[in-house]
Amino acid sequence: MIKEALFIETIKIENGKIYNIKWHNHRCNHTRQVFFADTKPLYLQEYIEAPPKGLFRCRILYAKDILSIEYIPYQSKKFNKFNIVQSNIEYNYKYANRELLDTLKKELSSDSEIIIEKDGLLTDTTIANIAFYDGQSWVTTKKPLLKGTMRMKLLENGFLKEKEIKSEDIRHFLNFALMNAMIGFQIQKSIIDIRREKI
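Residues numbered from 1 in each chain as written. Predicted model: local features only at pLDDT ≥ 70, side-chain atom pairs only at ≥ 80, totals over all residues. Heavy atoms only, no water.

1. So, the overall build of the chain
The helix and strand inventory of the chain stands at 3 helices and 13 strands. Whereas a compact globule of 199 residues would reach a radius of gyration of roughly 16 Å, the chain reaches 17 Å, a difference of no more than 12%. By its C-alpha atoms, the chain is 45 × 35 × 35 Å across when sized along the principal axes. In the chain, buried positions account for 48% of the 199 residues. When contacts within the chain are restricted to residue pairs at least 6 apart in sequence, those whose partners lie at least 24 apart make up 62%. Counting every atom, the chain has about 10,900 Å² of accessible surface; 48% of that belongs to carbon and sulfur. (Helix = DSSP H or I, 4+ residues; strand = E, 2+ residues; numbered from the N terminus. Rg over C-alpha atoms; globule rule 2.2 N^0.38 Å. Buried < 20%, exposed > 50% of the residue type's maximum accessible area, 1.4 Å probe, protein only. Contact = heavy atoms within 4.5 Å. Areas by Shrake-Rupley, 256 points an atom, 1.4 Å probe, with all protein chains shown as cover.)

2. Quick look at the environment of R171
Mapped onto the secondary structure, R171 falls in the loop between strand 10 (160–163) and strand 11 (175–180). On the accessibility criterion, R171 (65% relative accessible area) is exposed. For the pair R171 and Q45, spaced 126 residues apart in the sequence, the C-alpha separation amounts to 42 Å. In this structure the side chain of R171 is engaged in a polar contact, spanning 2.7 Å, whose partner is the backbone oxygen of E168. (Polar contact = N/O pair within 3.5 Å; in protein donor to acceptor, adjacent residues only side chain to side chain.)

3. Description of unusual backbone geometry
Unusually for a residue other than glycine, N20 sits at a positive phi of about 55°. Examined against the element boundaries, N20 turns out to sit in the loop between strand 2 (17–18) and helix 1 (21–35). The class for N20 is buried, based on a relative accessible area of 11%. One non-glycine residue, D119, lies in the positive phi region at around 55°. Secondary-structure assignment places D119 in the loop between strand 6 (112–118) and strand 7 (121–122).

4. Quick word on the pattern of salt bridges
Across all of its chains, the model carries 9 salt bridges by this definition. In this structure, E70 and R59 form a salt bridge, with 3.6 Å as the shortest nitrogen-oxygen distance. In this pair, E70 is assigned in strand 4 (residues 66–73) and R59 in strand 3 (residues 55–62), connecting sequence segments 11 residues apart. Where E164 meets K143, a salt bridge forms, and the shortest distance between an N and an O atom there is 3.8 Å. Of this pair, E164 sits in the loop between strand 10 and strand 11 while K143 sits in the loop between strand 9 (138–141) and helix 3 (149–156), and the two are 21 residues apart along the sequence. Classification of K143 as partly exposed rests on a relative accessible area of 48%. (Salt bridge = Lys/Arg side-chain N within 4 Å of Asp/Glu carboxyl O.)

Function cannot be read off these values alone, since they describe shape.
Given below as structure tokens:
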């Protein structure tokens, strides 16, 4: 169970430019409508004071209303290993409390990440949606844990297609990518680094 109904939006800001605000607004307002009655739409760009230089992770904490906004200098993280881990975790909304996600990877080294397998299907990593290249198109899991903003954008513009993906399907793909608001669409070094382990 999630301890409290607090949520976050993580928005990329680079040299004063706010990225993908349309999809962040959509997810934020959808979440607020689900959890809080009589909500009027928020337009997050009206609350953001974008730093003019540098790359920042804008972290907006909210419930029915916006509670805080932070601007955190951002450095991307590289992963060398991906482990498939089975879990029945629920994370349909971008909760501020990430304890359940963090617990799933607490035994891993700092250069490792997990891909969560739920009900026999691959979903997401703890920080990003996933996609695979089959030689003709990029496909993303039809049942992600969380519908990320970059994923929504790439589905809308036709770059991605949805498909149910099992762990045994990995051998049929040529490339593997992570995607989230901060890294965009990032192809990983090698698909052979994905392995199934019990954690």
